[in-house]
Structure formats: C-alpha cells, structure tokens
Amino acid sequence: MAVYTLRRLIQMIPALLGIIVITFIISRVLPGDPAVMLAGEQATPETIENIRSSMGLDQPKYIQFFHYVVGLFQGDLGQAYHTGQSVASDFATRFPATIELALASLVIAILVAIPIGILAATRKESIVDHISRVFSLIGACMPIFWIGLLFIYIFYAKWGIAPAPMGRISGDINPPTNITGLYVIDSLMTGDFVALKSSLSHLVLPAICLSTGTMAIVARMMRSSMLEVIGQDFVRTARAKGLREGVVIYKHALINAFIPTLTVLGLQVGYLIGGAVITETIFTWPGVGSYVTDSILAADYAPIQAFTLVSALIYSFINLGVDLVYGLIDPRIRYE
C-alpha cells in the first residue's frame, strides 16, 4: 500500500507541471490588458506602462514563468491586483465557503442518487425506473445557471420560502465563531442554532443546484452497476439460500456495485469545484468561485492560475483517496 501510494504521488508530478504550464500560457493569451484594467481607461500611456512594469508584464514570457514557478515553490500564489491582497490571503478567506458548498452538494448527490439508482435497478422497466430515467435526463441536460435562476424565481421570488440569494447568512445575524470556516459545522460546534438555521437556509438552494448534474450521473451509474451485479451467480446463490431480498441487495450486491460508482463520484468532485464558479456567481456566494469570476473580468492572472492549480491538486488527491478506498471495499483488490 505504501509503495503504491508513493508511486501514485510521483505520477501526479508530471500532470501538475503540465497544468502549471498550460494555465500560465492560457492566462497570458486571455483578452484584455490587466495594466489598463487596473489603471482605468482615462489613464495616460506612461501610467499604464509604469503599472505594467510593476506587475512584471513588460518582461519576456519565459522570465515571467520563471518568477511564477519560483514563487509557487516558496508558497507564493501571487498578488490579486483587483483586491489589493495576496491570492493566498484571499483564498484563506473564501475557500471554506466553497468547500462547504461542494461538500453539501456531494452529500445531497449521494443521499439522493444512490437510492434512486438501486430502486431503478431492482424495479427495472417499472414506473420507478422510468421516473428515474427522466430525472437523470433532466439533471444531466439542464445547465447549472438555468437551474439556479429557476430555483431563485420559484423559491425566493414566487413562493418566498427561501432567503434572498445573497451570501452565506442573513445580514442581521452574526456569523458563528470561526473554527473550521464552515458555517454549518461551526454553528453546531458552538451551539449557535440561530446561525445554523440561517446558514442552512442559505446553503440548501445553491447546494441542490450544484448537485443536479452529479445526481443524474451517479444515479445512472448506480443503476447500471446494480443491474450487472444482481445478474451474477453469487447473487442468484444468495437468493437460492433463502436470504431475504433486502440482505441480498444491500449486503451482497451493493458493495460490489459501489466500486464503479465510487470512481464516478471521485471524478465528479472536479465538476463540483468547476461548477461552483457558476453557482457562486448566481447565488452571490462569497467563495472562491465568485472570486475567480471577478478575477477573470478584471484580467487578473494570479487568482486564475492559483484556482486552477489548487483545483487540480484537490482533484488529484481525491482520486488517489478513491483508489485507496477500493481495497477497503473489495479485499480482492491488491495494490502490489
């Protein structure tokens, strides 16, 4: 196991180096001049040139890349010119909000999609199966921004049962004491149930919106895996022994069917982090996603590069964790 883990960590290095190079190149070919954006349209050419020089943009690209890589190895993610803060400082402030949103979306997707997939497989071609197919089709086809706007219109503007889509907590309620940065967890840990109620009410809609695509894919994957497993000999043998259907499905079939679904869940983490950019913008959620949107509009390179790199790191480590969990679920899997 240790050798396998070390080998996977070493294999991640070329991928991360490739991401560093690609994000640097892409950020430099984006339209817009950050020096002009920072100086303003009325600024003189001399002022713009001075700002460009102070940002290092007047240097050759390979020199800029060298300074960028050296900064990364020193833990420096760069300076966000549109906020006036270091990118690391902005990330430390905003990342807990994105993590909370992504985790809530993942939990919702698991709690909803896996039971739907199991029901659809065990009741193949029934009305339940047809409903789950329609549910998955809608979830996979509808873009996040459209679902978000629909939710806001129905639950906030029309019915008035959801809070205004602005922030993580109501403006007249103090945030809970900062322990983890996750408002729901911090509210529970400090017993602040007023903050808990408000933070949950603000979290539900964006979390469901972000989870719709993942729910659709996981539900179809779970159905497909279960159909394959329940047709195998060991399941027929379990039934022939007279075991109850619930024991056959949840004890024998589900564990074997869960491995492919676990792979999809790991892959979906990248989708959730990327989808957070759109969801946070729609719901004015103060996370890294809306921060990156503002950075793109301001042609601010450093936050865009840092977000891409951090997302790749998170995605890589989560997929490594998923691979390691395989052995715990199915002891037949060996890593050496």
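Right above here is the structure, for reference.
In short, a report on the structure. Since this is a predicted model, take the numbers as computed values, not measurements.

Compared with the 21 Å implied by 1.5 Å per residue over 15 residues, the 21 Å span of helix H6 (residues 127–141) between its first and last C-alpha is a close match. Turning to H6, the residues buried within the fold contact helix H5 (87–122) and helix H9 (193–230).

Moving on to a nonpolar patch on the surface. On the surface, Val134, Ile138, Met142, Phe145, Trp146, Leu149, Leu150 and Ile278 cluster together to form a nonpolar patch covering roughly 710 Å² of accessible area. Contributing elements (two or more residues each) for the nonpolar patch: H6 and helix H7 (144–158). Examined against the element boundaries, Met142 turns out to sit in the loop between H6 and H7. The partly exposed category is assigned to Met142, whose relative accessible area is 33%.

Following the criterion strictly, the structure yields zero disulfides and no others. Note on Cys141: no disulfide assigned, nearest cysteine sulfur contributed by Cys209 at a separation of 15 Å.

Let us look at the packing of H6 against H9. One can describe the packing of H6 onto H9 by two numbers: an axis separation of 7 Å at closest approach and a directional angle of 140°. Relative to H9, the element H6 is oriented oblique. Here the hand of the crossing between H6 and H9 comes out left-handed. The residues of H9 that touch H6, namely those facing Asp129, Ser132, Arg133, Phe135, Ser136, Gly139 and Ala140, are Thr212, Gly213, Met215, Ala216, Ala219, Arg220 and Arg223. Considering only residue class, the contact of H6 with H9 consists of five nonpolar, five polar and four charged.

Conventions and cut-offs
Residues numbered from 1 in each chain as written. Predicted model: local features only at pLDDT ≥ 70, side-chain atom pairs only at ≥ 80, totals over all residues. Heavy atoms only, no water. Helix = DSSP H or I, 4+ residues; strand = E, 2+ residues; numbered from the N terminus. Expected span 1.5 Å × (residues − 1). Contact = heavy atoms within 4.5 Å. Patch = residues over 30% accessible without salt bridge, like charges linked within 9 Å, V, L, I, M, F, W, Y side chains within 5 Å. Areas by Shrake-Rupley, 256 points an atom, 1.4 Å probe, with all protein chains shown as cover. Salt bridge = Lys/Arg side-chain N within 4 Å of Asp/Glu carboxyl O. Buried < 20%, exposed > 50% of the residue type's maximum accessible area, 1.4 Å probe, protein only. Disulfide = S-S within 2.5 Å. Axes fitted to C-alpha atoms, helices over the stretch in contact; angles between N-to-C directions. Parallel < 35°, antiparallel > 145°, perpendicular 65-115°, else oblique. Left-handed = near helix turned anticlockwise from the far one by under 90°. Nonpolar A, V, L, I, M, F, W, Y, C, P; charged D, E, K, R; others polar.

Purely geometric numbers; function is a separate question.
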